[in-house]
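Spelled out, the chains give:
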Amino acid sequence: MKLYYLALILLAGCGGNHMTKEAPVAIIFDTDIAPDYDDVGALAMLHAFADKGEAKILATISSNAAETTVPTISVINTYFKRQDIPVGVIKLDSPNLFCERLWAQKIVKEYPHNFKSNNDAQDAVSVYRKLLASQPDHSVTIVTVGTFSNMPGLLDSKADEFSELTGRQLVEVKVKQLVSMAGAVDSTGKGGNEFNIRADIPAARKVFSEWPTPITLTGLEIGIRIITGMTLINNNNIQNSPVKDAYYHAMSYDGNNEGRYSWDQTAVLIAVRGLQPYFNYRELDFIIEDDGTNRVVPGRKIKYATFNQTPGEITKVIEELMMK
């Protein structure tokens, strides 16, 4: 009988040894970091997830040709002690979205960074192809929190030294999902108008018609109800932080003492932890009109986020991660 119980204990112990922690989500982060500063909060969140072992940042890529974008990304990566993360940038003249609030120029001037200009970064499509080719099948989550401007180049890319697959084939084989802050559905339920689509209409059209993996979108009406930033800039325990300084400078420029909409942070939250318990979703497709309006049409290609928890509950989660 004693041997019987000893065997049970040993079996239970063996079972426990096989219970392993879930692997971190492999993320490529694609941002237009400059025209708004919720991108900074989103990238800070992603680093917090990496610190927690929930995410692995494969690359940080700019979809914006503005000259501050690569140095700004490098500042944030360096601050979180991941200065060696690959950085890519779109090698086209547009979109070129200037940082009018000048927060990017401020933190680039005041904080250390390895990438001093966009010329120091590789072409975005090459970074995508190199990293995707090296990853397990169906393992990578691409997060876009700006325009889709890098996606046409990736989809249309040809076989190269990294992979014999075309870009579309490479995405289909290696990418698990695309999670994007993009789109809007107003109170009519018929669609809306949102900057990330409007700023590069051809790219958005190509993604919505040709992207071969599941797509999850968090839209304009989600992030506009999640206000963050005040808790961050009022936290005296956080000093010498480019994240805090970016928010403080941008909000001061605007005369904003309430906080900023958190569009991009919701995309990172969904990409790493999934929709639940924070969000539900509806299934739909979008057609992009000539003026950039995204019109809802019947379909199941896109999971479009809707609230499950209250905006206040989600705000607390996002702010805690932004202040990691």
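Heads up: these notes are all about the structure in this document. (Residues numbered from 1 in each chain as written. Predicted model: local features only at pLDDT ≥ 70, side-chain atom pairs only at ≥ 80, totals over all residues. Heavy atoms only, no water.)

1. Focus on the overall build of the protein chain
Within the protein chain one finds 14 helices and 12 strands. Projected onto its principal axes, the C-alpha coordinates of the protein chain cover approximately 75 × 50 × 45 Å. In the protein chain, which comprises 324 residues, the proportion classed as buried is 54%. Taking the intrachain contacts of the protein chain between residues at least 6 apart in sequence as the baseline, contacts between residues at least 24 apart amount to 82%. (Helix = DSSP H or I, 4+ residues; strand = E, 2+ residues; numbered from the N terminus. Buried < 20%, exposed > 50% of the residue type's maximum accessible area, 1.4 Å probe, protein only. Contact = heavy atoms within 4.5 Å.)

2. Details of the pairing of strand β2 (residues 55-62)
Burial analysis of β2 places 7 of its 8 residues in the buried class, the great majority of the element. Two strands pair when backbone bridges link them, and strand β1 (residues 25-31) and β2 are joined in this way by 7 bridges, in the parallel orientation. In the sheet register, Ile 28 faces β2, and the bridge partner there is Ala 59. Sheet topology note: the β2/strand β3 (residues 87-89) ladder contains 3 bridges and is parallel. The residue bridging Thr 60 from the neighbouring strand is Val 87, located in β3. For the crossover from β2 across helix α3 (residues 69-79) to β3, the handedness is right-handed. (Pairing = 2+ DSSP bridges. Right-handed = clockwise from strand over helix to strand, strands pointing away.)

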